[in-house]
Amino acid sequence: MAKAKPFNIPKREVWEAFKKVKANQGAAGVDGQTIAEFEADLSNNLYRLWNRLSSGSYFPPPVRRVDLPKGDGRTRPLGIPTVGDRVAQEVVKRYLEPILEPIFHNDSYGYRPSRSAIDALQKTRRRCWRFDWVLDIDVQSYFDSIDWELLLKAVRHHTDCAWALLYIERWLKAPVEMKDGSVVPRTAGTPQGGVVSPVLANLFLHYAFDRWMARSFPSIPFERYADDIICHCRSEEEARRLWHALEVRFRTCRLVLHPTKTKLVYCKDTNRRGDFPVQSFDFLGYAFRPRQAVWHGSRYGTSFLPAAS
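Right, let's walk through the structure included here.

1. Examining the overall build of the chain
So, point 1. When helices and strands are tallied, the chain shows 10 helices and 11 strands.
So, point 2. A principal-axis box enclosing the C-alpha atoms of the chain has dimensions of 80 × 40 × 35 Å.
So, point 3. Evaluated residue by residue, the chain yields a buried proportion of 48% over its 309 residues.
So, point 4. Restricting to contacts in the chain with at least 6 residues of sequence separation, those with at least 24 account for 67%.
So, point 5. Split by element, the accessible area of the chain, about 15,600 Å² in all, is 52% carbon and sulfur.

2. Concerning the environment of Val 21
So, point 1. Relative to the elements of secondary structure, Val 21 occurs in helix 1 (residues 11-24).
So, point 2. Residue class for Val 21 comes out buried when judged on its relative accessible area of 3%.
So, point 3. Excluding residues that lie within four positions of it along the chain, Val 21 makes contacts with Ile 35, Arg 86, Val 87 and Glu 90.

3. Here we look at the state of the cysteines
So, point 1. Tallying each qualifying case throughout the model produces 0 disulfides.
So, point 2. You can see Cys 233 has no disulfide; the closest cysteine sulfur is in Cys 231, sitting 6.3 Å from it.

4. With respect to the sheet that holds strand 6 (residues 222-225)
So, point 1. Strand order in the open sheet formed by 4 strands is 6-7-3-8, and the pairing between neighbours is antiparallel. Looking at the sheet topology across the chains shown, the edges are occupied by strand 6 and strand 8 (263-266). Across the sheet, the axes of successive neighbouring strands diverge by a mean angle of 15°, strand direction being ignored.
So, point 2. With 4 bridges connecting them, strand 3 (residues 133-138) and strand 8 associate as antiparallel partners. Residue pairing in the sheet places Val 134 in a bridge with Val 265 of strand 8.
So, point 3. In this fold helix 9 (residues 197-216) packs onto strand 3, strand 6 and strand 7 (228-233), with an angle of close to 175° to the strand it touches most, strand 6.
So, point 4. Contacts from helix 10 (residues 236-252) reach strand 3, strand 7 and strand 8 within the one sheet, and its direction differs from that of strand 3 by about 20°.

5. Regarding the sheet that holds strand 5 (residues 183-184)
So, point 1. Reading across from one edge, 2-1-4-5 is the order of the 4 strands in this open sheet, with mixed pairing throughout. Here the strands that pair on one side only, and so sit at the sheet edges, are strand 2 (75-80) and strand 5.
So, point 2. The sheet contact formed by strand 1 (residues 63-69) and strand 4 (residues 176-177) spans 2 bridges and is parallel. Counted as the bridge partner of Arg 64 is Glu 177 from strand 4.

Definitions and cut-offs
- Residues numbered from 1 in each chain as written.
- Predicted model: local features only at pLDDT ≥ 70, side-chain atom pairs only at ≥ 80, totals over all residues.
- Heavy atoms only, no water.
- Helix = DSSP H or I, 4+ residues; strand = E, 2+ residues; numbered from the N terminus.
- Buried < 20%, exposed > 50% of the residue type's maximum accessible area, 1.4 Å probe, protein only.
- Contact = heavy atoms within 4.5 Å.
- Areas by Shrake-Rupley, 256 points an atom, 1.4 Å probe, with all protein chains shown as cover.
- Disulfide = S-S within 2.5 Å.
- Pairing = 2+ DSSP bridges.
- Axes fitted to C-alpha atoms, helices over the stretch in contact; angles between N-to-C directions.

Shown next as structure tokens:
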């Protein structure tokens, strides 16, 4: 009689996870193995992975560091897991996401089923017409700054599943292989590029920001797409109060507001008087600013509108 595995993870879950990873494609990790190469010996690879996950002996390999160029000349670091590790992460994501999805905030749009960047942009546009001011929030190096202890505390609040908690902690602590081949340990963050990272990143900001906003500033609406956040305020004074309170709040959560990218924006249109230094912001690839528009009755005026950056 075969000895029972410590963790009851159905084989079917590993197979479904592979299908999702294959559909998403993606680059090879530190072992250089492509999805096609993994699939060439699929049944053996998936059985070995299931066996290790079920027995508690699965340890993730380092993630491969890739620096993607950004529009401002800087780079965004991505951590690319191996194909097998992506399948393992998808197994945990498939378990965790249905538990967390119902508790997430209505105005959190990033990396969630049935929600999109377009949904967030449409809500932002409507609220810019109703509110005079925007606080455009940028969290400095968010994915690399997430505090492991606080994140694991949040995960444990929603599940006591031993294998999910074990592997999430191992993924958080997996080292990074740099471009020169050196392997560097990590002390915080969840690699941007990991399969399970988006749901973990959403959970962290759910408590650090979404729930805190509902308690502390319930009359200020916002749209959040991962760590890109737009808050709508009625006055400059209200926006500055929020800004100051957020600096304190984020500090307690081991996060930092970007000193130059976080900004106060006046949503100027024909009906709003006053001239303020910042009258535009970028959100999800769209630039929001005053633009000439045709109003009702074929009249021309200025509206605060988005257009592709």
